[in-house]
Amino acid sequence: MSNYAKIPFRVDRWPFFYGWFIVLMGTLGMLFSVPGQTMGVSVFTDHLIGELKVSRDQLSLAYMFGTIGSSLFLTLAGKWYDRYGVRLVMSGATIMLALALIVASFSPAIVSLGKGLSFLPLSYFAVFIMSLLFFMIRFSGQGVMTMSSRNMIMKWFDRKRGLANALSSAFVSFGFSMSPLILAWGIGRFEWYGTWRWLAVLLVLFAVLVLVFYRDNPEICGLVPDGKNPRPLTEKEQLQQNRKQFTLKEARKTTAFWGVAIATTFNGFFVTGLTFHILSIFHTAGMDDTKALGIFLPATLISVIVSIGGNYISDFIRLKYLLLIMALGGILSSIGLILLGNGWSYYVLIVGNGTLSGMYSVLSAVAFPRYFGRKHLGAISGFNMSMIVFGSAIAPLIFSLSKTQTGSYHHAGMFSLTVAALIFLLATRVRNPQTN
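Residues numbered from 1 in each chain as written. Predicted model: local features only at pLDDT ≥ 70, side-chain atom pairs only at ≥ 80, totals over all residues. Heavy atoms only, no water.

(A) Region of the structure containing the overall build of the protein. For the protein, the count of helices and strands is 20 helices and zero strands. With the C-alpha coordinates aligned to their principal axes, the bounding extent of the protein is approximately 70 × 50 × 40 Å. The proportion of buried residues among the 436 residues of the protein is 54%. Contacts in the protein between residues at least 24 apart in sequence constitute 86% of all its contacts with a sequence separation of at least 6. Surface exposure of the protein reaches about 19,000 Å², of which carbon and sulfur atoms provide 68%. (Helix = DSSP H or I, 4+ residues; strand = E, 2+ residues; numbered from the N terminus. Buried < 20%, exposed > 50% of the residue type's maximum accessible area, 1.4 Å probe, protein only. Contact = heavy atoms within 4.5 Å. Areas by Shrake-Rupley, 256 points an atom, 1.4 Å probe, with all protein chains shown as cover.)

In structure tokens:
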């Protein structure tokens with residue numbers, strides 16, 4: 001493995017600590033996962049509905065099937081990460097996403113081949129094909145690329161892990177918020193299918209960069225986390241470097257794992273449900289599209305501020321306090337959704353959503369390496385990512401059922417509020433398993 005890390009160059013001979021370049025490459029990796037994220041797929045939704053001649057419910061069903069399917073394999077992908085390393089797993093996922101986008105760009109022609117299947121209605125065949133494509137897109141993009149890039153950054157830092165994650169999270173948050181506009185511009189210029197093909201080309205080029213520049217951890221490169229240590233380690237830092245390396249099985253026996261895992265899953269659930277039905281939610285509350293789309297920029301700004309602050313203080317305080325703040329963000333978001341239509345609830349929703357997302361970017365990155373060590377980080381974070389992806393898969397359906405069965409999103413909000421309150425109670429019992 002150490003020889004493999006020296007190909008095609010030795011990073012220990014760089015004039016500065018290579019970990020900071022890892023932050024750049026890992027951030028780019030998460031940004032290139034956008035075609036597999038909800039905000040990246042949603043821009044193409046109306047075009048697919050028209051071209052495939054399916055209903056919105058049918059396409060949503062295909063999206064749910066594909067996303068749930070991908071969640072079932074992410075724990076295995078995490079084990080691949082631990083066994084084969086970030087370069088092979090990340091480059092493979094990037095190429096897989098590129099291939100999926102190319103095939104998806106020809107999906108109307110592929111679906112038309114189903115005309116010869118007289119026993120299966122064409123719309124059903126379209127759902128089947130899109131379920132397979134969404135599986136590939138979500139598994140490789142939202143799942144493996146995001147997990148691999150984030151884990152790599154975290155492995156290169158210890159005392160400066162919060163700072164590294166703050167820098168990465170700020171750019172990722174702004175990049176994700178701008179991506180729908182960029183993709184919409186691409187569709188206007190190259191059509192929806194042409195935009196997917198151009199994205200595939202860029203992804204293949206990025207896969208080459210992954211093979212050249214990605215590295216698993218500093219130790220295999222002859223370095224140490226954070227770079228050279230200019231002063232003796234304190235007693236606390238010595239304990240941190242000698243922390244126990246938990247396996248996935250051991251981690252799942254701790255309250256700390258489930259506190260973080262359920263909280264991050266809730267973020268995936270709530271944000272996906274809100275984003276997927278954003279226009280309908282606001283129309284139901286008597287508010288227009290401008291108000292609906294107007295929540296994203298201020299929520300993103302709050303998320304970035306919370307993320308930077310949270311990452312900074314995460315190096316100095318117990319993570320349970322950040323988990324409590326995240327749960328409060330979920331409670332505020334849920335209250336804002338339930339009471340949406342009142343003047344103040346609009347701003348409660350923005351503040352809560354920004355706080356929830358900001359703390360998610362902190363805890364999803366720094367909690368597991370601090371609590372459980374780095375050796376089995378791929379398996380542990382892969383299991384957590386499977387939970388997050390599953391939550392994001394069922395959210396649109398639960399929010400939709402709330403609307404179709406009751407005429408409003410009140411019940412979806414009450415369900416979210418209940419879960420957020422339980423997370424807050426669970427967070428009070430979280431302890432660092434390294435100190436038990």
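(B) Representation of helix α16 (residues 296-314) in the model. Helix length check: α16 (19 residues) gives 26 Å between terminal C-alpha atoms against 27 Å at 1.5 Å per residue, within 8%. For α16, the set of buried residues is Ala 299, Thr 300, Ser 303, Val 304, Val 306, Ser 307, Gly 310, Asn 311 and Ser 314. Looking at the buried side of α16, the elements it contacts are α10 (161-213), α17 (319-338) and α18 (343-372). (Expected span 1.5 Å × (residues − 1).)

(C) Examining helix α2 (residues 18-31) more closely. Taking 1.5 Å of rise per residue, the 14 residues of α2 would be expected to cover 20 Å, and the 20 Å separating its terminal C-alpha atoms lies within 8% of that figure. The set of residues buried in α2 consists of Tyr 18, Gly 19, Phe 21, Ile 22, Val 23, Met 25, Gly 26, Thr 27, Gly 29 and Met 30. Buried-residue contacts for α2 involve α7 (86-105), α9 (122-155) and α10.

(D) Structural view of a nonpolar patch on the surface. On the surface, Leu 72, Phe 73, Leu 76, Trp 80, Tyr 84, Leu 88 and Leu 211 cluster together to form a nonpolar patch covering roughly 690 Å² of accessible area. With three residues, the top contributor of residues to the nonpolar patch is helix α6 (residues 74-84). With respect to the secondary-structure elements, Leu 211 resides in helix α10. (Patch = residues over 30% accessible without salt bridge, like charges linked within 9 Å, V, L, I, M, F, W, Y side chains within 5 Å. Salt bridge = Lys/Arg side-chain N within 4 Å of Asp/Glu carboxyl O.)

(E) Expanded view of a positive patch on the surface. Residues Lys 79, Lys 249, Arg 252 and Lys 253 make up a contiguous surface patch of positive charge. Structurally, Arg 252 can be placed in the loop between α12 (248-251) and α13 (255-276). (Lys, Arg positive; Asp, Glu negative; His and termini not counted. Charge placed at Lys NZ, Arg CZ, Asp CG, Glu CD.)

(F) A look at the nonpolar core. Counting residues in hydrophobic clusters, the biggest one holds 124 residues, and the most contacted among them are Trp 156, Phe 270, Phe 282 and Phe 372. Those residues within four positions of Phe 282 in sequence are excluded, and the remaining contacts are Met 287, Asp 288, Lys 291, Ala 292, Ile 295, Leu 340, Tyr 346 and Leu 349. (Core = buried A, V, L, I, M, F, W, Y, C linked by side-chain atoms within 4.5 Å.)

(G) Quick peek at the packing of α7 against α9. Running from amino to carboxyl end, α7 crosses α9 at an angle of 150 degrees, the nearest separation of the two axes being 9 Å. Regarding the angle of α7 to α9, the classification is roughly antiparallel. Like other packed secondary-structure pairs, α7 and α9 cross with a definite hand, here left-handed. On the side of α7, the interface is formed by Val 86, Val 89, Met 90, Ala 93, Thr 94, Met 96, Leu 97, Ala 100, Leu 101, Val 103 and Ala 104, while α9 contributes Leu 133, Phe 135, Met 136, Ile 137, Phe 139, Ser 140, Gly 141, Val 144, Met 145, Ser 148, Ser 149 and Met 152. Residues that form the contact of α7 with α9 fall into these classes: 18 nonpolar, five polar and no charged. (Axes fitted to C-alpha atoms, helices over the stretch in contact; angles between N-to-C directions. Parallel < 35°, antiparallel > 145°, perpendicular 65-115°, else oblique. Left-handed = near helix turned anticlockwise from the far one by under 90°. Nonpolar A, V, L, I, M, F, W, Y, C, P; charged D, E, K, R; others polar.)

(H) Here's a closer look at the pattern of salt bridges. Going through the model one piece at a time under the given rule, you end up with three salt bridges. Between Arg 374 and Glu 219 there is a salt bridge; the shortest N-O distance is 2.4 Å. Here Arg 374 is found in the loop between α18 and α19 (377-406), whereas its partner Glu 219 is found in the loop between α10 and α11 (235-241), with 155 residues between them in sequence. With a relative accessible area of 37%, Glu 219 lands in the partly exposed category. Between Lys 244 and Glu 250 there is a salt bridge, with the nearest N and O atoms lying 3.9 Å from each other. Look at Lys 244 and you get partly exposed, because its relative accessible area is 43%. On the basis of relative accessibility, which here comes to 30%, the residue Glu 250 falls in the partly exposed class.

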